[in-house]
Amino acid sequence: MSASHRIVIIGGGITGTAAAVALARDKHQVTLLEKQRIAAMASGWTLGGVRQSGRHPAELPLARAAVAIWAGLDEMLGADVEYRRGGNLRLARTPAEVEIIRGIVADQQAQGLDLQFLPDTGAVQRIAPAISRNVLAASFCPTDGHANPVLATQAFANHARRHGADIREGVAALGIRTEGNRVTGVESSDGFIAADRVIVAAGINTPALLAPLGLDLPLSIKIVHVIQSEPLPPTLGPAFGVANANCAGRQEAGGRLRYTNARGDWPGRADAWTEAALAPTTSEVRAVVERVAEVLPIAGTTPIARTWGGLIDLTPDALPVIDAPDAIAGLVIAAGFSGHGFCLGPVSGLLCADLALGRAPRHDLAAFRLDRFARFVDRHAELTLHG
Ligand SMILES: Cc1cc2nc3c(=O)[nH]c(=O)nc-3n(C[C@H](O)[C@H](O)[C@H](O)COP(=O)(O)OP(=O)(O)OC[C@H]3O[C@@H](n4cnc5c(N)ncnc54)[C@H](O)[C@@H]3O)c2cc1C
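In this text the structure is predicted, and so the values were computed from the model without any measurement.

(A) Main features of the sheet that holds strand β4 (residues 88-92). One open sheet holds the eight strands; their spatial order is β5-β6-β4-β14-β15-β16-β13-β17, and the pairing between them is mixed. Both edges of this open sheet fall to β5 (116-118) and β17 (304-314), since each of them pairs with a single strand only. Sheet twist, expressed as the mean angle between neighbouring strand axes with direction ignored, is 20 degrees. Bridge count between β4 and strand β14 (residues 239-242): four bridges; the pairing is parallel. Bridge pairing links Leu 91 to Val 242 in β14.

This is the structure in structure tokens:
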């Protein structure tokens, strides 16, 4: 085994906690700093879809590898993360959307994904009887699914602890210290922590940690509203999205429907949100329910238990940064997952470990380099939600 490294991970979402497992298992000295609590931000706000369908070709190999890990995650982490492999439907509501779905299926079949085209309402309802008769067609990926995001992220954190990682909740990273072009540690609200590797997996707060190092991660921050219903009997096996990706949903293992809808730009600073400021208003809740009930009628009649808002770290091309920039030795960045990083978490963690330890990464990371943004003129991608 290689020498043991002192590694600080900033961020207790699924990316940081999965990295902590990968590194602690290899007997490195891991300290994870989470300024709030495990899964306090995107990894707790999320819908929790675990999907390969609808992925950018550069992300598809990571998503396929992640889905293979999700299948054994309960056993690996010694905890029930409520992973369900019920498939993913992407629904067409209009003839134009049918053609979009047909194109996606052709493209992704060509990339080797088992994605089926369901050509009519009957075929969709045979997979999911709860879907509306107004849905004209769909794609269906049987190996997609969903999981409980808070349980999964906590399970990673707890497993890392069992392997000796020091997981510190309520401790903020204030700055990354360097000497020459090499990291030497992290200034934190608990004092200075020396490290020869620093992994930044701080979601929307990542750019603020990188800027003092002269690194620019351009993110736009989007608000997404989430609605969780009272529990229902088993009603919906697959997660679902729609052709134009403006809403998505699933039925949780415990029976609650959980569905999402994009709201627009977060106008404030990345560190200036409050739960109240993100929460949907009554009329916004009504609009989300109406949109989802168009494709899942039971959503329109099921009482709502809880609503919240979440923020998404959207990069200009809607792909993450998973990189160890040449400019600063020992620094690893894993952020900007752009609304689809929950599924990838188990693999993102392994990739962080590969980069931190200087191993050849197990997947091609060319599409995820930080320096690609230097070429971007248009710094805006559209946010898409797929379930
Ligand atoms: C509403 C919604 C729906 C989504 N739906 C899906 C989906 O269906 N499928 C999917 O795959 N993905 C989905 N996503 C995206 C997915 O949830 C995220 O990409 C993923 O959770 C990102 O995880 P992360 O660990 O990189 O970041 P986060 O979970 O945001 O974790 C970052 C952590 O860093 C901490 N932190 C920040 N700054 C500091 C600091 N200075 N010091 C210490 N700690 C710090 C934060 O408190 C936070 O806990 C969705 C996201 C949202 C918001």
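(B) Expanded view of the environment of Leu 23. Along the chain, the position of Leu 23 falls in helix α1 (residues 14-25). Separated by 94 residues in the primary sequence, Leu 23 and Phe 117 have C-alpha atoms spaced 41 Å apart. Not counting chain neighbours up to four residues away, the residues in contact with Leu 23 comprise Ile 7, Ile 9, His 28, Val 30, Ile 199, Ala 353 and Leu 357.

(C) Structural view of the side chain of Thr 315. By secondary structure assignment, the location of Thr 315 is in the loop between β17 and β18 (321-323). The exposure class assigned to Thr 315 is buried, which follows from its relative accessible area of 1%. Within the structure, Thr 315 has its side chain in polar contact with the backbone nitrogen of Ala 318 (distance 3.1 Å). Among the polar contacts listed, one links the side chain of Thr 315 to the backbone oxygen of Leu 319, at a separation of 2.7 Å. The contact partners of Thr 315, leaving out residues within four places of it in the chain, are Pro 218, Leu 219, Gly 336, Ser 338, Arg 372, Phe 373 and Ala 381.

(D) Region of interest: the site of the ligand. Near the ligand, the surroundings consist of 38 residues, among which Thr 15, Glu 34, Ser 43, Ala 173 and Cys 343 are the closest. In this structure, an oxygen atom belonging to the ligand sits 3.1 Å away from a main-chain N or O atom of Ile 14. At 2.8 Å, a backbone N or O of Ala 173 approaches a nitrogen atom of the ligand. With the chains in place, 98% of the 1000 Å² that the ligand exposes on its own is no longer accessible. Breaking the shell around the ligand down by element, the ones donating at least two residues are α1, β2 (29-34), α2 (42-45), β13 (220-231) and β17. Per-element accounting of the shell around the ligand gives the leading share, three residues, to α2.

(E) Examining empty space enclosed by the protein more closely. For the structure shown, the criterion picks out one cavity of 30 Å³ or more. Each pocket or cavity is described by its volume, and for the largest cavity that value is around 30 Å³. Arg 51, Ser 53, Gly 54, Asn 88, Arg 90, Ile 104, Gln 108, Leu 115 and Ser 139 together form the lining of the largest cavity. Elements that contribute at least two residues to the lining of the largest cavity include exactly β4 and α5 (95-110). Looking at the lining of the largest cavity residue by residue, the class counts come to two nonpolar, five polar and two charged.

(F) Region of the structure containing the nonpolar core. The biggest cluster of nonpolar side chains holds 52 residues, and the ones touching the most others in it are Ile 9, Leu 23, Val 50, Trp 70, Ile 199 and Ile 322. Those elements giving two or more residues to this core turn out to be β1 (6-10), α1, β2, α3 (60-70), α4 (73-77), α7 (149-162), β19 (331-335) and α11 (345-356). Looking at this core, the element that brings in the most residues is α1, giving eight residues. Among the nonpolar cores identified, the runner-up in size contains 26 residues, and Ile 227, Leu 257, Val 292 and Leu 296 belong to it.

(G) The arrangement of the packing of α1 against α7 in detail. Their axes nearest at 8 Å, the elements α1 and α7 cross at an angle of 30 degrees. The angle between the axes of α1 and α7 places the two elements in the roughly parallel class. With respect to the hand of their crossing, α1 and α7 are arranged in left-handed fashion. Here Ile 14, Thr 17, Ala 18, Ala 20, Val 21 and Ala 24 of α1 come into contact with α7, specifically with Thr 153, Phe 156, Ala 157, His 159 and Ala 160. Partitioning the contact of α1 with α7 into residue classes produces eight nonpolar, three polar and no charged.

(H) The sheet that holds strand β9 (residues 173-179), seen in detail. One open sheet holds the three strands; their spatial order is β9-β10-β11, and the pairing between them is antiparallel. Each edge of the open sheet is held by one strand with a lone partner, namely β9 and β11 (191-194). Direction aside, the axes of adjacent strands within the sheet are offset by 30 degrees on average. Here four bridges tie strand β10 (residues 182-188) to β11, and the two strands are oriented antiparallel to one another. The residue of β11 that forms the bridge with Glu 187 is Phe 192.

Conventions used here
Residues numbered from 1 in each chain as written. Predicted model: local features only at pLDDT ≥ 70, side-chain atom pairs only at ≥ 80, totals over all residues. Heavy atoms only, no water. Pairing = 2+ DSSP bridges. Helix = DSSP H or I, 4+ residues; strand = E, 2+ residues; numbered from the N terminus. Axes fitted to C-alpha atoms, helices over the stretch in contact; angles between N-to-C directions. Contact = heavy atoms within 4.5 Å. Buried < 20%, exposed > 50% of the residue type's maximum accessible area, 1.4 Å probe, protein only. Polar contact = N/O pair within 3.5 Å; in protein donor to acceptor, adjacent residues only side chain to side chain. Near = heavy atom within 4 Å. Areas by Shrake-Rupley, 256 points an atom, 1.4 Å probe, with all protein chains shown as cover. 1 Å grid on protein atoms, 1.4 Å probe; cavity = no way out; pocket = protein on both sides within 12 Å on 5 of 7 lines; lining within 4 Å. Points joined across faces, edges and corners; volume = space filled by probe spheres on them. Nonpolar A, V, L, I, M, F, W, Y, C, P; charged D, E, K, R; others polar. Core = buried A, V, L, I, M, F, W, Y, C linked by side-chain atoms within 4.5 Å. Parallel < 35°, antiparallel > 145°, perpendicular 65-115°, else oblique. Left-handed = near helix turned anticlockwise from the far one by under 90°.

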